[in-house]
Amino acid sequence: MTLQGKLIRIAYQCRPILTKLLPNKVLRDIKGKLIKNSLKQLNMYRRIPFQANIYPRGLNLIGSIRADTGLGQSCRLIATQIENSGLPFTIYNYEQTSNLEQTDHSFDKKITNTNPYQINLLHINPRELGIALNQMGFSILNGKYNIGFWLWELEEFPDEWCFYFKLLDEIWTPSEFISRTIRKKTTIPVITIPYVVSVPFDSHIYRKDFGLPENTFLFLMAYDNSSIGERKNPFGAIRAFQQAFSPKDRTVGLVIKALHLKQTELKQLKKKCREYENIYILTKPMEKIRFNSLLRCCNALLSLHRAEGFGLVLAEAMYLGKPVIATNWSANTEFMDKETACMIDYDLVTLEKNYGPFLKGQKWADPNIKQAATEMKKLKEQKDYYYTKGKLAQTSIKQLLSSERINKLIVNRVHQITSGG
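None of the values given here were measured: they were computed from a predicted structure.

**Comments concerning the overall build of the protein**
Next, step 1: The number of helices and strands found in the protein is 14 helices and 14 strands.
Next, step 2: Counting over 421 residues, the protein shows a buried share of 54%.
Next, step 3: Put simply, the protein shows about 19,200 Å² of open surface, and 51% of that area lies on carbon and sulfur atoms.

**Let's talk about the sheet that holds strand S11 (residues 324-327)**
Next, step 1: Reading across from one edge, S9-S8-S7-S10-S11-S12 is the order of the 6 strands in this open sheet, with parallel pairing throughout. Edge positions in the sheet fall to strand S9 (279-282) and strand S12 (342-344), since each has one partner strand and no second. Neighbouring strand axes in the sheet, compared pairwise and without regard to direction, differ in orientation by 20° on average.
Next, step 2: On the sheet, helix H12 (residues 369-381) packs against strand S7 (217-224), strand S8 (252-259), strand S10 (300-303), S11 and S12 and is oriented at approximately 170° with respect to S12.

**Examining H12**
Next, step 1: Here H12 is 13 residues long and its end C-alpha atoms lie 18 Å apart, about the 18 Å a rise of 1.5 Å per residue gives.
Next, step 2: Within the sequence span of H12, burial applies to Ile369, Ala372, Ala373, Glu375, Met376 and Leu379. The buried residues of H12 occupy an angular sector of 160° when the element is viewed end-on, so they sit on one face. Residues of H12 that are exposed and point more than 90 degrees away from the buried face comprise Lys370 and Glu381.
Next, step 3: Where H12 begins, the side chain of Asn368 points an oxygen toward the backbone nitrogen of Lys370, at a separation of 3.1 Å.

**Points about the nonpolar core**
Next, step 1: Leu59, Leu121, Leu133, Met136, Trp150, Phe335 and Met336 are the most contacted members of the largest nonpolar core, which has 98 residues in total.
Next, step 2: In terms of nonpolar packing, the next biggest core, distinct from the first, is built from 31 residues, Ala237, Phe241, Cys273 and Ile325 among them.

**A word on the environment of Arg296**
Next, step 1: Tracing the chain through its elements places Arg296 in helix H10 (residues 288-297).
Next, step 2: Residues Arg296 and Asp202 lie 94 residues apart in sequence; the distance between their C-alpha atoms is 9.4 Å.
Next, step 3: Among all residues touching Arg296, those that are not within four sequence positions of it are Phe201, Asp202, Ser203, Ile205, Leu320 and Lys322.

**Observations concerning the pattern of salt bridges**
Where charged atoms from two side chains of opposite charge come close, those side chains can pair.
Next, step 1: Summed over the entire model, instances satisfying the criterion amount to 14 salt bridges.
Next, step 2: Across the salt bridge formed by Glu176 and Arg183, the nearest N and O atoms sit 3.0 Å from each other.
Next, step 3: Glu176 sits in the partly exposed class, given a relative accessible area of 27%.
Next, step 4: Glu277 is the partner of Arg250 in a salt bridge, and the nearest nitrogen-oxygen pair spans 2.5 Å. With Arg250 in the loop between helix H8 (234-244) and S8 and Glu277 in the loop between helix H9 (263-272) and S9, the pair connects residues that are 27 residues apart, well separated along the chain.
Next, step 5: By relative accessible area, Arg250 is classed as partly exposed at 45%.
Next, step 6: Put simply, Glu153, Arg231, Lys232 and Glu308 are held in one network by salt bridges that share partners.

**With respect to the side chain of Asn278**
Next, step 1: Along the chain, Asn278 falls in the loop between H9 and S9.
Next, step 2: Setting aside its immediate chain neighbours within four residues, Asn278 contacts Phe241, Ser246, Pro247, Asp249, Val252, Gly253 and Leu254.

**Quick notes on the side chain of Asn93**
Next, step 1: Topologically, Asn93 is positioned in strand S2 (residues 89-93).
Next, step 2: Under the relative-accessibility criterion, Asn93 is labelled buried at 7%.
Next, step 3: A polar atom in the side chain of Asn93 sits 3.3 Å from the backbone nitrogen of Ile65.
Next, step 4: Excluding anything up to four places from it in sequence, Asn93 contacts Gly63, Ser64, Ile65, Arg66, Ile111 and Asn113.

**Brief notes about the packing of aromatic side chains**
Next, step 1: What the rule picks out here adds up to 22 aromatic pairs.
Next, step 2: Centre to centre, the rings of Phe217 and Tyr386 are 5.5 Å apart; their planes meet at 75°, and the pair counts as edge-to-face. Here the residue Phe217 occupies a position in strand S7, and Tyr386 occupies one in helix H13 (residues 383-400), the gap between them amounting to 169 residues. As far as the burial class goes, Phe217 and Tyr386 line up, both buried.
Next, step 3: A centroid spacing of 5.3 Å and a plane angle of 40° characterise the contact between Phe310 and Phe335, whose relative ring orientation is tilted.

Calculation notes
Residues numbered from 1 in each chain as written. Predicted model: local features only at pLDDT ≥ 70, side-chain atom pairs only at ≥ 80, totals over all residues. Heavy atoms only, no water. Helix = DSSP H or I, 4+ residues; strand = E, 2+ residues; numbered from the N terminus. Buried < 20%, exposed > 50% of the residue type's maximum accessible area, 1.4 Å probe, protein only. Areas by Shrake-Rupley, 256 points an atom, 1.4 Å probe, with all protein chains shown as cover. Pairing = 2+ DSSP bridges. Axes fitted to C-alpha atoms, helices over the stretch in contact; angles between N-to-C directions. Contact = heavy atoms within 4.5 Å. Expected span 1.5 Å × (residues − 1). Arc of directions from axis to C-beta. Polar contact = N/O pair within 3.5 Å; in protein donor to acceptor, adjacent residues only side chain to side chain. Core = buried A, V, L, I, M, F, W, Y, C linked by side-chain atoms within 4.5 Å. Salt bridge = Lys/Arg side-chain N within 4 Å of Asp/Glu carboxyl O. Phe/Tyr/Trp six-rings, centres within 6.5 Å; stacked < 30°, edge-to-face > 60°.

Here is the structure:
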């Protein structure tokens, strides 16, 4: 670990105290300076190129494997896919520099915090990569074939992240939507490796375990606010439900599963729903099995997102045979269409301010709320329509995102790399 890395680690260990003492703007400025200093360190670093004959064949998966976030779940999915492919691998658990929970221990048996194999698969997004390498030490890259597994949600890849291309030999993404975007900015290989979808659940968990009503048609809208809530568009989902149904209609309900909300954000959410006793807000963290069980307990999924880098929960709902109402834009259109889902029209709109990494001047989708409300009523009221959508969704997703198909992509690509292809 570099001196800069040690300072970063100390700063984040003190984060719970600092958040109480300092305004958010000051904390953002501090993180910005840490990232800037990290870039200076990286700019001076010259890594040793890939040396194929020195290290044994296999992968070193480097990422926040324990994190209770979308990125953490993505890392676990990739770990599962590598494991099922039969390739040798180990895990270096990078503890992301934040105060987010790190409670998933499903891959603890594979964590060694070493990188003995030929290929490093760095499941760390660009804006965190500099800080991560400062903490782990730049030498982790030496002599290895370095692949970044990156996620991004818009059509314009940020210029400030292009610096990291020189640290890598290749990039993997879970969707062609992301891959096309990144290919515009680099000449290194960008390979699409989609997620394999499987949805294990606990059949002994019922609606009552979530405080939800029986004999009610329930739509589920789920989002993690750490992934930028505005992108997931929960207020759009609420507006669509409110246009479709009366606040007193107890035959229908909207479940909002929200994670990592600040108190001000939760108050705002509750204010939007205050007259609707049939909107249920769940904010407690859930293990993945429990969340999957919640998804199974609901009748349909509602995702009026503004952009998706993949759309994992949408694919999981389809796997369970649940109809999905979704914005017809970005990566989710690679595994769903108008036959297998209720696709919602949109306008591409220009961002008028920054939303985290999504900057003013970029574009994302503004879904048609009226059309979404119409689809919600149609799913609830027309049983044939409901069952047909669910069945087609399930059949399609099990073919497109099967373990057999995706694992072959990984094995074949690793063979090409290690054999000089």
